[in-house]
Amino acid sequence: MGRIVAVCTSAKKGERKKNMGRGMLIANHGLEGDAHAGPWHRQVSLLAVESIAKMQAKGLKVGPGDFAENLTTEGIDLVSLPVGTKLKIGDRVLAEVTQIGKECHSRCAIYRQAGDCVMPREGIFVAILEGGPVQVGDRIEVIGPGAE
């Protein structure tokens, strides 16, 4: 079991997100107020703080939200989760992994600074099946593929 380290949003796509500390995850939509939310398969993005630490080790001053992830996690190997894995977030939210990594069509500012970026390889995307509040410190639990 892991935990939520940051809950991040941005008003526009293509920019770093700001840690708001809490938010509302809406079923079939994503994180309320976030530019990436909507009725598609990449409603919410997750990146592990352990992945961010890899970029910090390269000398970058980066932290939660700087890779445009919505939820920064700790204690779960996100990239090892197969598509279809269910995650319970906090007491009420149920999410399903829909994509592992993403293609980076244009090199982001992080890539230009470091020559690398972890989000395309180590970030994951989920759809929100059951909504509810989320905040820093909430637990995130892997339920398993196809679990109800």
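As a reminder, the structure under discussion sits directly above these lines.
Below is a short write-up of the structure. Numbering of residues starts from 1 in each chain and follows the order in which that chain's sequence is written. Only residues with pLDDT of at least 70 get local features here, since the model is predicted, and only at 80 or more are side-chain atom pairs given and counted; chain-wide, interface and lining totals rely on the full set of residues. Hydrogen atoms and water are omitted, and side-chain values are computed over all heavy atoms in the structure.

### Description of the pairing of strand 3 (residues 22-26)
A regular strand carries its side chains on alternate faces of the sheet.
Here comes step 1: For strand 3 and strand 10 (residues 132-135), the ladder comprises 4 bridges, and the chain directions are antiparallel. The residue of strand 10 that forms the bridge with M24 is P133.
Here comes step 2: Whether two strands pair depends on DSSP finding at least two bridges between them. The helix count covers DSSP runs of H or I at least four residues long, the strand count covers runs of E at least two residues long, and both are numbered beginning at the N terminus. Across 2 bridges, the pairing between strand 3 and strand 4 (residues 30-31) is antiparallel. Its bridge partner lying in strand 4, I26 is registered against G30.

### Looking at the pattern of salt bridges
Here comes step 1: Salt bridges are defined by distance alone: a side-chain nitrogen of Lys or Arg within 4 Å of a carboxyl oxygen of Asp or Glu. In the structure shown here, the tally under the stated rule is 5 salt bridges.
Here comes step 2: Taking the shortest distance from any N to any O, the salt bridge between D66 and R16 comes out at 3.8 Å. You can see D66 sitting in the loop between helix 1 (49-56) and strand 6 (71-74) and its partner R16 sitting in the loop between strand 1 (2-9) and strand 2 (18-19), a full 50 residues away along the chain.
Here comes step 3: Working definition: with a 1.4 Å probe on protein chains only, accessible area under 20% of the residue-type maximum means buried, over 50% means exposed, and in between means partly exposed. Note on R16: relative accessible area 40%, which makes it partly exposed.
Here comes step 4: Between E122 and K54 there is a salt bridge, and its shortest N-O distance comes to 2.8 Å. Highlighted residues: E122 in helix 3 (residues 119-122) and K54 in helix 1, separated in sequence by 68 residues.
Here comes step 5: E122 sits in the buried class, given a relative accessible area of 13%.

### Observations concerning the nonpolar core
Here comes step 1: What we call a nonpolar core is a set of buried Ala, Val, Leu, Ile, Met, Phe, Trp, Tyr and Cys residues that are connected through their side-chain atoms within 4.5 Å. Counting residues in hydrophobic clusters, the biggest one holds 21 residues, and the most contacted among them are L25, L46, L71, I89, V126 and V134.
Here comes step 2: Broken down by secondary-structure element, the contributors of at least two residues to this core are strand 1, strand 5 (44-48), strand 7 (85-89), strand 8 (93-100) and strand 9 (124-130).
Here comes step 3: A contact between two residues is defined here by any heavy atoms of the two lying within 4.5 Å. Ignoring sequence-local partners within four residues, the contact set of L25 consists of G30, L31, V44, L71, I89, V93, I128, G131, G132 and V134.
Here comes step 4: In this structure, L47, V118, M119 and F125 belong to the second largest nonpolar core, which totals 9 residues.

### Brief notes about the sheet that holds strand 10
Here comes step 1: Spatially, 4-3-10 is the arrangement adopted by the 3 strands of the open sheet, whose pairing is antiparallel. Looking along the sheet, the strands with just one partner apiece sit at the ends: strand 4 and strand 10.

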